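Reading the structure
Okay, here's what each chain looks like letter by letter:
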Amino acid sequence: MDGLSEMDLSSMMGGAEGRESEEEEEVAMVYEDMDVGEEKDVSKLQGGGILKKVLAKGTGEGRPEVGAEVTVHYTGTLLDGSKFDSSVDRGDPFKFKLGVGQVIKGWDEGVASMKKGEKAILTCQPEYAYGARGSPPTIPPQSTLQFEVELFSWKSDNDLFNDGGCIRVKTLAKGSGYGFPKDIDEATVTYAVAAPDGGAQIIAATDAEFTVKAAPFEGLAKVLTRMKSGESCVVQMTGQYCVGLPGAPAAADVTVTLKSYRNVDAICDLRGTVKVLTEGEGFDTPNDGAACTVSYSTSLASTGAVVDEVSDFCYETGNEVLPAGLEEVVMRMKKGEVAEAAVPADFAYGAAGKQGLSKGEVPADADVVFTITMTAFENEKETYTMNTGEKIEAADKVKTAGNGAYKSGNLHLASKKYDKALRYVEHDQSFSDEEKVASKALKLSLFLNAAAVALKRKSWRDAQSSAGKALEIEGANQKALYRRAQAAAEIEEYDEARRDVKKLLEGDAKHREGRALLTRIKKLEAVQAKKDAKVFGGMFSKLGGLYADEGGPAREGPGGETFDPALASGDAPPKLEPIDIGHGFSMEEVQDGDDAGAEGEAEAEPVMPAVSKEFV
């Protein structure tokens, strides 16, 4: 036998013979404290069914109640001393829920009489153990059993936070539903507070509506997150749970009824909220590209003043037509739904605010509240429902929208559009040969454009990645090589940048932008070498010339240039001036007087190519 949890699930984990159909009325037991060596009957019927002898007294006043998960060690023996099981020998404490029939009746009632840390012998008559069946081969029929039990701890369903500070002592009415309020939900409650054990009134019965986390005192906010709608209960609170109560009592009895609550969800990177005022129809919500008809009003969060009302506004999602916070809410709404959203300024109209609205204006950096009605929407066709021709057509359409966003300066939207367009054609294995040619051309241009946008946004790694994917399609593509080299130079990966530029020039020795970038890379390497020289020069100085050649000539630095460490350690780095290389991408260029070009190599003049050469 490996223990009570395994030895006989039909008996130990369910009790003695006849218990399967037994439905006893709950009897509230009051247990007396017992001294070491004292023995008493602790069965509910007081017929000698469970004798408890205390070996070591427990601590505290509490005892585990029905439903609590208790943790014990035990050793079970027959009356002749024969041991049949022991969690002590296994070194594995046993856990079970008390009073719900998971173990024999002698345990359900006997352990309920114990305190934390108490050790006792429970002598269980057959009807409180395994009855007439026994548990062959180790426990004969009609056996009286003895268990030496030590109660370590318990977790109570009524100890709401498992710290003893918030105990539900009585349920006045059961709640309904499945969920519990979150701290940002809006609750409608009735509550009253009194001193413990029927003491003086602290707060009279009060009806209130508030956000759960903004409850009048700490314990009420906590308790509400463990209640269902319609539930009413009495809770004993101590310590931190009484913070906020008048008079700062150390303990209090709180009677609370959760009448109802409204679900509130976080939006705008958890800095805004949205709540449903009127439920919508069905389950569908708009997707990216859906054609929506909405009505909405805008009010200032600070004053509640309505500054705008818009009726039956028709637009396509995903084009940043509406403020980001407003569109985030629209994207989660059902047809016919009405919602209210509290939106922070940077997800609304930002630092610029919004003038010329129908009833006023939104000041700079103002938080707002939108009330939105979703009148109707028609979703864009999902990719998985499209045939291959439709996917190519959709990708080209979205790419064109991305180009428009790029040219208007909306780089964030352009990047989103290119990503979306790629999703239409990224898996083209099932395309026909002709469609694969079109798909390849689309993917190449999308990766190139994504790299251009990433450079503009100074997202160097993204630029490297997109350009690299373009090169997987067309290994010698000049734009991809040039853009990946630009990004590598910005993050000081000069070897990679030089390698890409040289490959570019192998294909077109007169490529003016490539030659200019190569010259710039050499100058940047020289600047880096001087910085390194400073570091090494300082090290040599501190080491007292330990590694210096006495009276020797200038040495070669980390970048291959000659330098005098003593002078280099005091040099200021050359000033970098921004210039424009390649369709408006700002780079840092070394002053004209800095000489870092390879001997015999001409320095190309930086030029700005036309849009048609740089963007597709």
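Anything mentioned here points back to the structure above.
Keep in mind that this is a model prediction, so the values were computed, not measured. (Residues numbered from 1 in each chain as written. Predicted model: local features only at pLDDT ≥ 70, side-chain atom pairs only at ≥ 80, totals over all residues. Heavy atoms only, no water.)

**A closer look at helix H5 (residues 388-407)**
The α-helix winds at 3.6 residues per turn, so residues separated by three or four positions along the chain end up facing the same way. Test applied: Comment: elements are numbered from the N terminus, with helices defined as DSSP H or I runs of at least four residues and strands as E runs of at least two. For a helix, the expected span equals 1.5 Å multiplied by the number of residues minus one. Note on exposure labels: buried denotes an accessible area under 20% of the residue type's maximum, exposed denotes more than 50%, and partly exposed covers the range between, all computed with a 1.4 Å probe on protein chains only. Any N or O atom pair separated by 3.5 Å or less is treated as a polar contact, with the protein-specific requirement of one donor-capable and one acceptor-capable atom, and with residues adjacent in sequence counted only for side-chain atom pairs.
With 20 residues, H5 extends 29 Å from end C-alpha to end C-alpha; this agrees with the ideal 28 Å at 1.5 Å per step. Along H5, the residues classified as buried are Thr 388, Lys 391, Ile 392, Ala 394, Ala 395, Val 398, Lys 399, Gly 402, Asn 403, Ala 405 and Tyr 406. Here H5 starts with a cap whose side-chain oxygen sits 3.1 Å from the backbone nitrogen of Gly 389, and that cap is Asn 387. One or two positions beyond H5, positive phi appears at Gly 409, with a value near 90°.

**Points about the pattern of salt bridges**
Using the following cut-off: One side-chain nitrogen of Lys or Arg within 4 Å of one carboxyl oxygen of Asp or Glu is enough to make a salt bridge.
A complete count under the given rule lists 26 salt bridges for this structure. Between Lys 420 and Asp 288 there is a salt bridge whose closest N-O contact spans 3.5 Å. Of the two residues, Lys 420 is situated in helix H6 (residues 411-425) and Asp 288 in the loop between strand E14 (272-278) and strand E15 (291-300); the sequence distance between them amounts to 132 residues. A relative accessible area of 7% places Lys 420 in the buried class. Taken together, the shared-partner salt bridges connect Lys 182, Asp 185, Asp 265 and Arg 332 into one network.

**Quick notes on the pairing of strand E5 (residues 94-97)**
For clarity, the threshold we go by: Only when DSSP finds a minimum of two bridges between them are two strands counted as paired.
Alternating residues of E5 divide into Phe 94 and Phe 96, all buried, and Lys 95 and Lys 97, none buried. Relative to E5, strand E3 (residues 69-78) runs antiparallel, the two being bridged by four bridges. Within E5, the residue paired with Glu 69 across the bridge is Lys 97.

**Describing the nonpolar core**
Definition in use: Buried Ala, Val, Leu, Ile, Met, Phe, Trp, Tyr and Cys residues form a nonpolar core when they are joined through side-chain atoms within 4.5 Å. In what follows, a contact means two residues having at least one pair of non-hydrogen atoms within 4.5 Å.
In terms of nonpolar packing, the biggest core is built from 39 residues, with Tyr 424, Val 425, Val 501 and Ile 521 touching the most fellow members. When contributions to this core are tallied by element, the ones reaching two or more residues are H5, H6, helix H7 (433-456), helix H8 (460-473), helix H9 (478-490), helix H10 (494-507) and helix H11 (512-542). Of the residues forming this core, the biggest block, eight residues, is contributed by H6. Once residues lying within four places of it in the same chain are set aside, the contact partners of Ile 521 are Ala 489, Tyr 494, Ala 497, Arg 498 and Val 501. Of all hydrophobic cores here, the second largest spans 29 residues; its members include Ala 290, Cys 292, Val 330 and Ala 341.

**A look at the packing of aromatic side chains**
Two numbers describe a pair of aromatic rings. These are the distance of the centres and the angle of the planes. Our working rule: What counts as a ring pair is set by centres within 6.5 Å for rings of Phe, Tyr and Trp (its six-membered ring), and what kind of pair is set by the plane angle: stacked under 30 degrees, edge-to-face over 60, tilted for all other angles.
Evaluated as defined, the whole model comprises twelve aromatic pairs. Taken together, a centroid distance of 5.2 Å and an interplanar angle of 75° make the contact between Tyr 74 and Trp 107 edge-to-face. One end of the pair, Tyr 74, is in strand E3; the other, Trp 107, is in helix H2 (residues 105-110), and 33 residues separate them in sequence. Both residues of the pair, Tyr 74 and Trp 107, belong to the buried class. Members of the aromatic cluster, each reached through a chain of ring pairs, are Tyr 74, Phe 84, Phe 94, Phe 96, Trp 107 and Phe 147.

**Regarding the pairing of strand E2 (residues 50-56)**
Every regular strand shows the same layout, with side chains that alternate between the two sheet faces. Relative to E2, strand E1 (residues 39-41) runs antiparallel, the two sharing three bridges. Directly across from Lys 40, in E2, lies its bridge partner Lys 52.

**Re the packing of H9 against H10**
Each pair of packed helices can be described by the angle between their axes along with the distance between the axes. Selection rule: Angular values range over 0 to 180 degrees, each being the angle between N-to-C directions of two axes fitted as lines to C-alpha atoms, with helices fitted over their stretch in contact. Comment on the angle field: the value is read as roughly parallel under 35 degrees, roughly antiparallel over 145, roughly perpendicular from 65 to 115, and oblique elsewhere. Crossing handedness: left-handed means the near helix sits turned counterclockwise from the far one by under a right angle, and right-handed means the same turn made clockwise. Any residue that is not Ala, Val, Leu, Ile, Met, Phe, Trp, Tyr, Cys, Pro, Asp, Glu, Lys or Arg is counted as polar, Gly included; the first ten are nonpolar and the last four charged.
Look at H9 against H10: their axes get within 8 Å of each other, and the N-to-C directions meet at 160°. The angle between H9 and H10 places the two elements in the roughly antiparallel class. Judged by the twist between their axes, the crossing of H9 over H10 is left-handed. Contacts between H9 and H10 involve Gln 478, Leu 481, Tyr 482, Arg 484, Ala 485, Ala 488 and Ala 489 on the former and, on the latter, Tyr 494, Glu 496, Ala 497, Asp 500, Val 501, Lys 503 and Leu 504. Taken together, the residues of the contact of H9 with H10 break down into nine nonpolar, one polar and four charged.

**Describing the environment of Thr 373**
Inspection of the secondary structure puts Thr 373 in strand E18 (residues 368-378). A sequence separation of 36 residues divides Thr 373 from Glu 337, and the C-alpha atoms of the two residues are 5.9 Å apart. When residues no more than four places from it in sequence are discounted, the contact partners of Thr 373 are Thr 293, Val 294, Ser 295, Met 333, Glu 337 and Val 338.

**Some thoughts on the sheet that holds strand E12 (residues 251-262)**
Pairing in this open sheet of five strands is antiparallel, and the strands run E8-E11-E12-E9-E10 from one edge to the other. At either margin of the open sheet sits one strand with a lone partner, and together these are strand E8 (166-173) and strand E10 (201-211). Between one strand and the next, the sheet's axes are offset by a mean angle of 20°, whatever the strand orientation. Both strand E11 (residues 232-238) and E12 contribute to a ladder of seven bridges, which runs antiparallel. Across the sheet, residue Val 235 finds its bridge partner in E12, namely Val 254.

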